[in-house]
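Letter by letter, the chains look like this.
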Amino acid sequence: MQQLSAQQRYATLQVMGTRLWVPRVHLPGAATSQACAWPAPAKGLTARERLLQQQAITLPPEQETSAQPAIQPVPQAEQPPLAKTDPIAQANLLVQPTQARVQPLHADIWLLANGWQLVMENLTGQPGLQTVEIKLLHNLLVALYPGGLGISGQQFFSWPLPGIPVEAGNEGELNMSLQAFLTGARFQGVQLAGCLVFGERLQGLMSKATHQLRVFPAPSLAELQQNPAAKQAFWQQAGSSGLRAAFASSPLVL
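The notes below deal with the structure included here. (Residues numbered from 1 in each chain as written. Predicted model: local features only at pLDDT ≥ 70, side-chain atom pairs only at ≥ 80, totals over all residues. Heavy atoms only, no water.)

Further remarks concern the overall build of the chain. A count of helical and extended segments in the chain gives 11 helices and 5 strands. For the chain, with 254 residues in total, the buried portion stands at 28%. Working note: accessible area of the chain is about 17000 Å², and carbon and sulfur atoms make up 57% of it. (Helix = DSSP H or I, 4+ residues; strand = E, 2+ residues; numbered from the N terminus. Buried < 20%, exposed > 50% of the residue type's maximum accessible area, 1.4 Å probe, protein only. Areas by Shrake-Rupley, 256 points an atom, 1.4 Å probe, with all protein chains shown as cover.)

And the structure:
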């Protein structure tokens, strides 16, 4: 049986409708849970070892002996690059560009009193927003919820998580980690009404979110500050997409 990766197992469980999760690693700040001692999987053969094993089976000893004198030494200047002869090196070259494109992600998350989440990418890597960004969000909340709305909680998301084994450059792991954070134990007992996501990168990740979250896109905080036309376009889009109506109609839950 083929050994499935963590991402494939998550996808299989999701298709089957199974929501039973067994902890493998203790997440920082997460509630304690019973850890299961899973047996370590057997180490499989590498691509080079499988190739050598197949050659040893298909090539008889007498043919291998007779074929050795026919091999002529290749001059050093004419030797092909390692990437052209080694299948493992070829695979590494294909993986490296993908890994380089996926960068770590940091985000500030606000939980509002009406059950909405504000998810904003943090480019500094440190929790907390600038004063001008907080003022911008305050004005936006006043416009979306004229009756007044408070903040029930603030969280900080950082990926990759320290001490957690993650396949380098795997965007699927990043997407699942972000969704698990937004719907995890930190927000249990809260009926989430919607999620307002600021920035293109977060929007790309949240566009693959499950139906557990109702996601609405918004420009990044930096774009809203620097470009007045972006504010106008976002406000018009918020009306046509139903964001303003859904946000204002969400009752206070906290």
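Once you've had a look at it, read on.
Moving on, we come to the packing of helix α6 (residues 131–144) against helix α10 (residues 228–240). In the contact formed by α6 and α10, the axes pass within 13 Å of each other and the chain directions differ by 30°. When the axes of α6 and α10 are compared, the pair comes out roughly parallel. In this structure, α6 meets α10 at a crossing whose hand is right-handed. Every residue of α10 that contacts α6 at L136, L140, A143 and L144 is listed here: K231, F234 and W235. Taken together, the residues of the contact of α6 with α10 break down into 6 nonpolar, no polar and 1 charged. (Axes fitted to C-alpha atoms, helices over the stretch in contact; angles between N-to-C directions. Parallel < 35°, antiparallel > 145°, perpendicular 65-115°, else oblique. Left-handed = near helix turned anticlockwise from the far one by under 90°. Contact = heavy atoms within 4.5 Å. Nonpolar A, V, L, I, M, F, W, Y, C, P; charged D, E, K, R; others polar.)

Time to look at the pattern of salt bridges. In this structure the tally under the stated criterion is 1 salt bridge. Here E121 makes a salt bridge to R201, at a shortest N to O gap of 3.8 Å. With E121 in strand β2 (residues 116–121) and R201 in helix α8 (residues 200–206), this pair connects stretches of sequence that are 80 residues apart. Among the residues examined, E121 registers a relative accessible area of 27% and is labelled partly exposed. (Salt bridge = Lys/Arg side-chain N within 4 Å of Asp/Glu carboxyl O.)

With that settled, consider empty space enclosed by the protein. Inspection of the entire model under this criterion finds 1 cavity of 30 Å³ or more. Lining the largest cavity are F216, P217, F234, Q237, A238, S241 and L243. Counting only elements with at least two residues in the lining of the largest cavity, the list comes to β5 (215–218) and α10. If you tally residues by element for the lining of the largest cavity, the top one is α10, at 3 residues. Per-class residue counts for the lining of the largest cavity are 5 nonpolar, 2 polar and no charged. (1 Å grid on protein atoms, 1.4 Å probe; cavity = no way out; pocket = protein on both sides within 12 Å on 5 of 7 lines; lining within 4 Å. Points joined across faces, edges and corners; volume = space filled by probe spheres on them.)

Here we come to the nonpolar core. Residues L118, L196 and F198 are the most contacted members of the largest nonpolar core, which totals 27 residues. Secondary structure elements with two or more residues in this core: β1 (105–112), β2, α6, β4 (194–198), β5, α9 (221–226), α10 and α11 (243–248). Counting residues per element, this core draws most heavily on α6, at 5 residues. Residues contacting F198, with those up to four places away along its chain left out, are L118, V119, M120, E121, L137, L140, A218, P219, S220, L221 and L224. (Core = buried A, V, L, I, M, F, W, Y, C linked by side-chain atoms within 4.5 Å.)

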